[in-house]
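Remarks on the overall topology
Here is what each chain is made of, one letter per residue.
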Amino acid sequence: MIDSRPIGVFDSGLGGLTVAKEIFRLMPNERIIYLGDTARVPYGSKSEETIRRFGLQDARVLKDMDVKLLIAACNTVSSVAMDYLQEHIKDIPVIGVVLPGARAAALRSAEKRVGVIGTAATIRSGSYARAINNIDPGIKVYGKPCPLFVPLVEEGLIDSDITRMAVQHYLYEMVDLGVDCLILGCTHYPILMEVIQSTVGNRIQLVDSALWTAKEAQNILQAMGMSAGEDAAGLQASKFLVSDITPNFETVAETLLGTPLPGIEKVPVEELEGKQP
Ligand code: DGL
């Protein structure tokens, strides 16, 4: 069976484009409607109540656009609001990025020592540790918020001394703790993969939640007979919505998606705020 409806992907801002990028790579025919709440980003420093409210508003905008699968690409939303989203959105599958990343790490950690890096809210929530310990209670999980990484990526400081210093500052602790797997638990972190890998060394395997989430989406669509047909136009037919057209969005979006955005439309914040439970 073929389902030509788009996949809905949302994030607090443009970071979720790293998940969109993996979806297009794995499933080039799939169309996406992406929503980035650029007017209210960041979510990672906000309270759980606000993150839940914003997350559900984002999800509802996409649900009302007749998407076949909804992906919370934001680690922060996935960490604190998954149950809430699934409670309120019933008739299509809703997935986040935490479970796919947690499963991949649990399978890979031979020494049963996993590190997780993300926003303050993601680490505070303990979401990855819970998901990993549901799979294997014997795995030790160490979390570390790395709040400087998002602005560094958005400033385009990918391969720079200041970024290397920030990576050392946050991650030497993980090396000392002897983790053998490190989950990149934030939308922006895959962009720093090379600098992180060269800093922590090859003994530590990096787990990219964005990649495993795209694989999970592919599995769900295949299992439910809901993949797009060969004639669907993927990226070129996709829609990119933001709640604020910020001055440097094109550059930031290209860094995160790996290619220029084909176009962008604005959804006013008032429209998001109108989507209450
Ligand atoms: N998208 C967020 C995440 O993956 C990072 C940016 C933010 O704090 O909103 O957690």
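**Section: the overall build of the chain**
Helix and strand content of the chain: 12 helices and 10 strands. Taking 277 residues into account, the globule formula puts the C-alpha radius of gyration at 19 Å, and the chain, at 18 Å, falls close to it. A principal-axis box enclosing the C-alpha atoms of the chain has dimensions of 50 × 40 × 40 Å. In the chain, once contacts between residues fewer than 6 apart in sequence are set aside, the share between residues at least 24 apart is 80%. Put simply, the chain shows about 11,800 Å² of open surface, and 51% of that area lies on carbon and sulfur atoms. Across the chain, the centroid of the 26 positively charged side chains sits 5 Å from that of the 34 negatively charged ones.

**Focus on empty space enclosed by the protein**
One pass over the full model with this rule turns up 1 cavity of 30 Å³ or more. A volume near 30 Å³ is recorded for the largest cavity. Forming the boundary of the largest cavity are Thr18, Val19, Ala73, Asn75, Val97, Leu184, Cys186, Thr187, Pro190, Asp208, Ser209 and Ala210. Of all the secondary structure elements, the ones that give two or more residues to the lining of the largest cavity are α1 (17–26) and α10 (209–223). In terms of residue class, the lining of the largest cavity is made up of 7 nonpolar, 4 polar and 1 charged.

**Overview of the site of the ligand**
Lining the immediate surroundings of the ligand are Asp11, Ser12, Val41, Pro42, Tyr43, Gly44, Cys74, Asn75, Thr76, Thr119, Cys186 and Thr187. Contact between the ligand and Tyr43: an oxygen atom at 2.7 Å from a main-chain N or O atom of the residue. Here Gly44 contributes a backbone N or O atom positioned 2.9 Å from an oxygen atom of the ligand. Against a free-state accessible area of 300 Å², the protein chains account for coverage of 98% of the ligand. When atom positions are compared with the pocket grids, the ligand is found to occupy the second largest pocket. In terms of residue class, the shell around the ligand is made up of 5 nonpolar, 6 polar and 1 charged.

**Observations concerning α10**
Compared with the 21 Å implied by 1.5 Å per residue over 15 residues, the 21 Å span of α10 between its first and last C-alpha is a close match. Ser209, Ala210, Leu211, Thr213, Ala214, Glu216, Ala217, Gln218, Ile220 and Leu221 are the residues of α10 that are buried. Measuring from the backbone nitrogen of Ala210 back to the side-chain oxygen at the start of α10 gives 3.0 Å, which picks out Asp208 as the cap. Positive phi appears at Gly225, one or two residues downstream of α10, with a value of about 65°.

**What to know about the environment of Ser209**
Structurally, Ser209 is set in helix α10. Judged by relative accessible area, Ser209 falls into the buried class, the value being 1%.

**Describing the pattern of salt bridges**
Across all of its chains, the model carries 14 salt bridges by this definition. For Asp37, the salt bridge goes to Arg40, with nearest N and O atoms at 2.7 Å. Residue Asp37 shares its accessibility class with Arg40, and that shared class is buried. Here Asp91 ties to Lys63 by a salt bridge, and the two come within 3.3 Å at their closest N and O atoms.

What counts, and where the lines are drawn
- Residues numbered from 1 in each chain as written.
- Predicted model: local features only at pLDDT ≥ 70, side-chain atom pairs only at ≥ 80, totals over all residues.
- Heavy atoms only, no water.
- Helix = DSSP H or I, 4+ residues; strand = E, 2+ residues; numbered from the N terminus.
- Rg over C-alpha atoms; globule rule 2.2 N^0.38 Å.
- Contact = heavy atoms within 4.5 Å.
- Areas by Shrake-Rupley, 256 points an atom, 1.4 Å probe, with all protein chains shown as cover.
- Lys, Arg positive; Asp, Glu negative; His and termini not counted.
- Charge placed at Lys NZ, Arg CZ, Asp CG, Glu CD.
- 1 Å grid on protein atoms, 1.4 Å probe; cavity = no way out; pocket = protein on both sides within 12 Å on 5 of 7 lines; lining within 4 Å.
- Points joined across faces, edges and corners; volume = space filled by probe spheres on them.
- Nonpolar A, V, L, I, M, F, W, Y, C, P; charged D, E, K, R; others polar.
- Near = heavy atom within 4 Å.
- Polar contact = N/O pair within 3.5 Å; in protein donor to acceptor, adjacent residues only side chain to side chain.
- Sits in = over half its atoms within 2 Å of the grid points.
- Expected span 1.5 Å × (residues − 1).
- Buried < 20%, exposed > 50% of the residue type's maximum accessible area, 1.4 Å probe, protein only.
- Salt bridge = Lys/Arg side-chain N within 4 Å of Asp/Glu carboxyl O.

Interpretation note: all reported values are geometric properties and have no functional meaning in isolation.
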